[in-house]
2 protein chains.
Amino acid sequence: MTTWLPIPADSDFSIHNLPFGIIETSNGRITAGVPVGDYVIDLVLAADAGLFGARRPHVRLFEQPTLNSFIALGNDFARRIRRRLQLWLTNDKRPDDAEYLLLERAQVRPLMPLRIGDYTDFYSSIEHATNVGKMFRPDNPLLPNWRWLPVGYHGRSSSIVIDGTPIRRPHGQILPKGADTPIFSATQQLDFELEMAFVIGKESRLGQPIPIEQAEEHIFGLLLFNDWSARDIQRWEYVPLGPFLGKNFASSISPWIVTLDALKPFRTRGPVQKPKPLDYLRIRGWHHYDINLEVSIRPQNGPETVVCRTNTRYLYWSMAQQLAHHTVNGCNVRPGDLMASGTISGPQPDSFGSLLELAWGGQKPIPLADGSTRTFLLDGDTVTLRAYAQKGNIRVGFGQVSGTVLPGWVERGK
Amino acid sequence: MTTWLPIPADSDFSIHNLPFGIIETSNGRITAGVPVGDYVIDLVLAADAGLFGARRPHVRLFEQPTLNSFIALGNDFARRIRRRLQLWLTNDKRPDDAEYLLLERAQVRPLMPLRIGDYTDFYSSIEHATNVGKMFRPDNPLLPNWRWLPVGYHGRSSSIVIDGTPIRRPHGQILPKGADTPIFSATQQLDFELEMAFVIGKESRLGQPIPIEQAEEHIFGLLLFNDWSARDIQRWEYVPLGPFLGKNFASSISPWIVTLDALKPFRTRGPVQKPKPLDYLRIRGWHHYDINLEVSIRPQNGPETVVCRTNTRYLYWSMAQQLAHHTVNGCNVRPGDLMASGTISGPQPDSFGSLLELAWGGQKPIPLADGSTRTFLLDGDTVTLRAYAQKGNIRVGFGQVSGTVLPGWVERGK
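I will try to describe carefully the structure that is included in this document. (Residues numbered from 1 in each chain as written. Chains lettered and ligands numbered in written order. Predicted model: local features only at pLDDT ≥ 70, side-chain atom pairs only at ≥ 80, totals over all residues. Heavy atoms only, no water.)

1. Observations concerning the nonpolar core
For soluble globular proteins, the rule of thumb is that nonpolar side chains tend to be buried together.
And step 1. I291(A) and I291(B) are the most contacted members of the largest nonpolar core, which totals 162 residues.
And step 2. Discounting chain neighbours no more than four positions away, the residues touching I291(B) are M196(B), L222(B), L263(B), T310(B), N311(B), T312(B), A387(B), Y388(B), A389(B) and F398(B). (Core = buried A, V, L, I, M, F, W, Y, C linked by side-chain atoms within 4.5 Å. Buried < 20%, exposed > 50% of the residue type's maximum accessible area, 1.4 Å probe, protein only. Contact = heavy atoms within 4.5 Å.)

Structural data, given as structure tokens:
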């Protein structure tokens, strides 16, 4: 496919990608948009120009403040829209309406693309689970259930924010080492977690499990997910009911939802699963993805340092397995629900997806380009997650999700 | 206050109560409604009749399919609506429009009153936490953090259903006693959990904790909550990230939201908290409530047996403490969010709020009126939760939440 639009070779937003998001234009209008190269296609204007057939219903659809209604129409519908855009972009010559429909990406502001109903976080990297297990439960790192089921838990959807939103350092109860009485303090162990999340497209009915062979039909697409974590708060609170305030102060997502269709060329074989999963978790074919990931830290006024490079193919459990498991008890899903992978760590120490693991619980400070080191995040640090898949000259990327740490609010008088 | 409307003395819906819900009328119209005695006041018709002042905006508000927009207007607004209804109900004589505005309660169908954003489940009964702890972790029943903070975790909002919705017995992974390999099966340990939940009225901003003195301003009202649980699934999955499929197949709520205003006469002193909570959890005054609770089981074609009688005053942590804790890290709340208490158990064995505790993990089967016994729920069993508060002849009740257990779906071929 060749296009009349000049697209940089290293752009995440090639004509093979065409992900979906919601933007605010420079004059304050809200519209669905599709980034391509250094531009974003304004879907309301594209619909109004007749690019998708019948004008009115498409304009209305893309005028919504979130993508939920669009997503709920199903993957076939999104496929048709992407196909129309690809045809338009690969016209023999630049169409007359290009000037009008393409907004400069630098001139628009991506907004939260979803009204998220429920958000689930899995724990599907065996390297991450083992690393964290070693630190939190030295005697018992990988628990007996881990290889049998994709462990997951429910998280908070209200505090999921879009790329660029600053993150306030949270306060909470912390049990100092060796103490038996907790203190109230700003977290001293603020961390990121490098994750990918998938967006539910097609709903399921309460009481009706999604068979694993049909799971991917319910997935609209993927985005980057930073599950900010306060390790000291988490450690004191998480037994027996799981993480709560150590996680729910904020999670950040990238603005563009990359469709499963666009990721098809990057399917790959998953790891060998031993023991063999139970029937409802078994599926033929390749359901893992080869997506390169990286995390960088940029101190206030300092240069950026990449601190982690890893890949989604390291995940033990696939999205199809996660979704089949999540619904096997009849739990229903709704369009706009988000399911995150859990921290994605690889086998090498520089492929670990959190500072907790990279600096091994504070024992191995990570050097940054400005000469400083990190065991956990400092105020003013900006954390950026990036991801892309590449095969030959087909590149499909996710852009980035970034957030800067703000100091905690002033403590209330004692 | 005396009313021209005949209200049975034991009605949950006295003129002191006036809770809010959403109903479908006998001719299929959806409207907000307020139950009183054996009737429901149709709020759309009441608004249209001018009961609340300006007609149009009130009609629009009460025509919504959920109460979220109404709730978001704040507790003062709801207070004014209740006050107007009380004035109307205590007119010297029956108003002419009574015939028109009062629907027979038996003729309307209560619907899910809320679009629930996030749902949180606490674990705030010390008796329940100790009982369950003894069974799940004999060496270590009440964990060290329990008396320091209201332990809680996030649950699933998509599977919260209204009173009367049948509950499909869930399947899942279960580790048989003594085995080291899980099996896939319908749960053999289906249970109820008797809980109350509060509904968030006023939102808070991300990054800004709600000080405990202001917590109750953010609470719109309360309802009954049955947190259906599959103990065998839960036991195998819950370490280390908490309950997931053992809980998220269904929770049931009662249809009427009883306002904190209506519950004011039933405020009571809470238990003495030792150790003394940290500053952000301390508050003067009475913030617990004296609400009588009961649970019954009715086998298919059998009579009903009350298996538990308890009271919300047994809860260790108050709602104000729960909400102050939930937001102390900056986690935001939104109108329609639901926060449940966790199972409410009292000190006596017949005041335990779950079958797990009542039958002590299967060791002490509970006798029912039809001569059968229960350790866990059987297909066809109907579980009903009821609650009311009473002081002199002021009675404020919650109605009920009920659900019947359906057999699990047929297993997929092996």
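2. Here we look at the interface of chain B and chain A
And step 1. Each partner contributes residues to the interface: chain B has 65 residues there, and chain A has 66 residues.
And step 2. If you sort the residues of chain B by the area they bury against chain A, R156(B), L241(B) and F244(B) come out on top, with a joint share of 14%.
And step 3. Here chain B is connected to chain A by 4 salt bridges.
And step 4. For the salt bridge of D118(B) with R156(A), the shortest nitrogen-to-oxygen distance reads 3.4 Å.
And step 5. Between chain B and chain A we count 28 residue pairs in polar contact (both at pLDDT 80 or more) in total.
And step 6. Elements represented by at least two residues in the side of chain B that touches chain A include exactly β6 (119–122), β7 (152–155), β10 (171–174), β11 (183–186), α7 (231–237) and α9 (319–327) of chain B.
And step 7. Here the side of chain B that touches chain A takes 4 residues from β7(B), the largest share from any one element.
And step 8. Counted by class, the side of chain B that touches chain A contains 33 nonpolar, 20 polar and 12 charged residues. (Buried area = accessible area lost by both parts, 1.4 Å probe. Salt bridge = Lys/Arg side-chain N within 4 Å of Asp/Glu carboxyl O. Polar contact = N/O pair within 3.5 Å; in protein donor to acceptor, adjacent residues only side chain to side chain. Helix = DSSP H or I, 4+ residues; strand = E, 2+ residues; numbered from the N terminus. Nonpolar A, V, L, I, M, F, W, Y, C, P; charged D, E, K, R; others polar.)

3. Things to note about the pattern of salt bridges
Pairing between side chains becomes possible if they bear opposite charge and their charged atoms approach one another.
All names here are of chain A.
And step 1. The final tally for this structure, using the stated rule, is 44 salt bridges over all chains.
And step 2. Its salt-bridge partner being R109, residue E24 comes within 2.8 Å of it at the nearest N-O pair. On the criterion of sequence distance, the pair formed by E24 in strand β1 (residues 21–24) and R109 in strand β5 (residues 109–111) is long-range, its members being 85 residues apart.
And step 3. E24 gets classed as partly exposed once you look at its relative accessible area, which sits at 22%.
And step 4. If you follow the salt bridges from partner to partner, you end up with D191, E193, D227, R231 and K247 in one network.

4. With respect to the sheet that holds strand β9 (residues 167–168) of chain B
Two pairing modes exist for strands in a sheet, parallel and antiparallel, and in both the strands are linked by backbone hydrogen bonds.
And step 1. Reading across from one edge, β9-β26-β25-β20-β21 (chain B) is the order of the 5 strands in this open sheet, with mixed pairing throughout. Two strands lie at the open edges of the sheet, namely β9 and β21 (305–311) of chain B, each paired on one side alone. (Pairing = 2+ DSSP bridges.)

5. Some thoughts on α9(B)
And step 1. A large share of α9(B) lies buried, amounting to 9 of its 9 residues.
And step 2. For α9(B), the set of buried residues is M319(B), A320(B), Q321(B), Q322(B), L323(B), A324(B), H325(B), H326(B) and T327(B).

6. Some details on the packing of aromatic side chains
And step 1. Using the criterion set out here, one finds 30 aromatic pairs over all chains in the structure.
And step 2. Here F70(A) and F220(A) contribute two aromatic rings whose centre-to-centre distance is 5.9 Å and whose plane-to-plane angle is 80°, an arrangement assigned as edge-to-face. On the criterion of sequence distance, the pair formed by F70(A) in helix α3 (residues 68–72) and F220(A) in strand β14 (residues 219–226) is long-range, its members being 150 residues apart. As far as the burial class goes, F70(A) and F220(A) line up, both buried.
And step 3. Centre to centre, the rings of F122(A) and F244(B) are 6.1 Å apart; their planes meet at 90°, and the pair counts as edge-to-face. In this pair, F122(A) sits in strand β6 (residues 119–122) while F244(B) sits in the loop between α7 and β16 (251–253), so the two residues belong to two different chains. A single burial state applies to F122(A) and to F244(B), both of which are buried.
And step 4. A connected cluster of aromatic rings, assembled from ring pairs, spans F20(A), F52(A), F62(A), F70(A), F77(A) and F220(A).
And step 5. Directly above the aromatic system of Y388(A) lies the positively charged group of R395(A), at a separation of 3.9 Å from the ring centroid. (Phe/Tyr/Trp six-rings, centres within 6.5 Å; stacked < 30°, edge-to-face > 60°. Lys NZ or Arg CZ within 6 Å of the ring centre and 35° of its normal.)

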